[in-house]
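Each chain is listed here by its residues.
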Amino acid sequence: MSKPKIIDIKALELALYSNLRIGDVVLMDTKPRWYQFWLKVVFGIIRRYQRRKYGRAEHTGDIHAMLVLETHPPLLFSYEYPKAVLKGLKLDPRTKYRVCRYKPVEGFVLPDFQLLLREAAERLKGRHYDEGQLADILVKQLFPKAIPKKFRLFDLGRKRKVCSVAVLWCFLYWWRNWWRAAHLRGTRPQRKEIAKRPGDAN
């Protein structure tokens, strides 16, 4: 029998921390412990929904998204159950991590980016998680033809969000406010540059 593989979590943390940048999105593909039956159900619903929506894309196993607000040490925004929080990054050996980075557009200013992402996260901090959206996903998985895509049966209000929607909201908050500030500075990008903004980095 082969010996179990020993993973040096501290070394992995140091390697990851040294490469993180403000605005990075950390995606997690994790496995619940054997006794966490309800998490297995929830994660299964999320993954099945993502496979139906994105096909065989590599990221369909990811079940949580967090936004990097600070580095050295890292501070992340995590919209999790039961409430959104700001916290450090502690690696779990049962979890696969993926880091996504967005390419800046012309006129991009890092201090504005950092300040506005933090401001957006602070606005969402403490809000309750949107369990209703997960319930809607489950119902639509069971009855895909009976329920319209945009119909929400378990609507808990617009103030509640799930993790991926919350991360996107932070970027949109930065974009709207940065656009306004750039306009006042006279550095607002032209439309041909705007089309480049959703690009992913390796």
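Placed above this text is the structure.
Summary of the structure given here. (Residues numbered from 1 in each chain as written. Predicted model: local features only at pLDDT ≥ 70, side-chain atom pairs only at ≥ 80, totals over all residues. Heavy atoms only, no water.)

Side note on the packing of aromatic side chains
This model, assessed by the stated rule, comprises seven aromatic pairs. Between the aromatic rings of Tyr79 and Tyr129, the centroid separation amounts to 6.4 Å while the plane-to-plane angle is 50°, which identifies the pairing as tilted. Here the residue Tyr79 occupies a position in strand 3 (residues 75–79), and Tyr129 occupies one in the loop between helix 3 (110–124) and helix 4 (131–142), the gap between them amounting to 50 residues. Judged by relative accessible area, Tyr79 falls into the buried class, the value being 1%. With 5.0 Å between their ring centres and 80° between their planes, Phe113 and Trp174 make a pair best called edge-to-face. (Phe/Tyr/Trp six-rings, centres within 6.5 Å; stacked < 30°, edge-to-face > 60°. Helix = DSSP H or I, 4+ residues; strand = E, 2+ residues; numbered from the N terminus. Buried < 20%, exposed > 50% of the residue type's maximum accessible area, 1.4 Å probe, protein only.)

Topic: helix 3
Between its first and last C-alpha, helix 3 extends 21 Å over 15 residues, near the 21 Å set by a 1.5 Å rise per residue. Turning to helix 3, its buried residues are Asp112, Phe113, Leu116, Leu117, Ala120, Ala121 and Leu124. Angularly, the buried residues of helix 3 cover 155° about the axis, an arc narrow enough to put them on a single face. Across helix 3 from its buried face, at more than 90 degrees, point the exposed residues Pro111 and Leu115. (Expected span 1.5 Å × (residues − 1). Arc of directions from axis to C-beta.)

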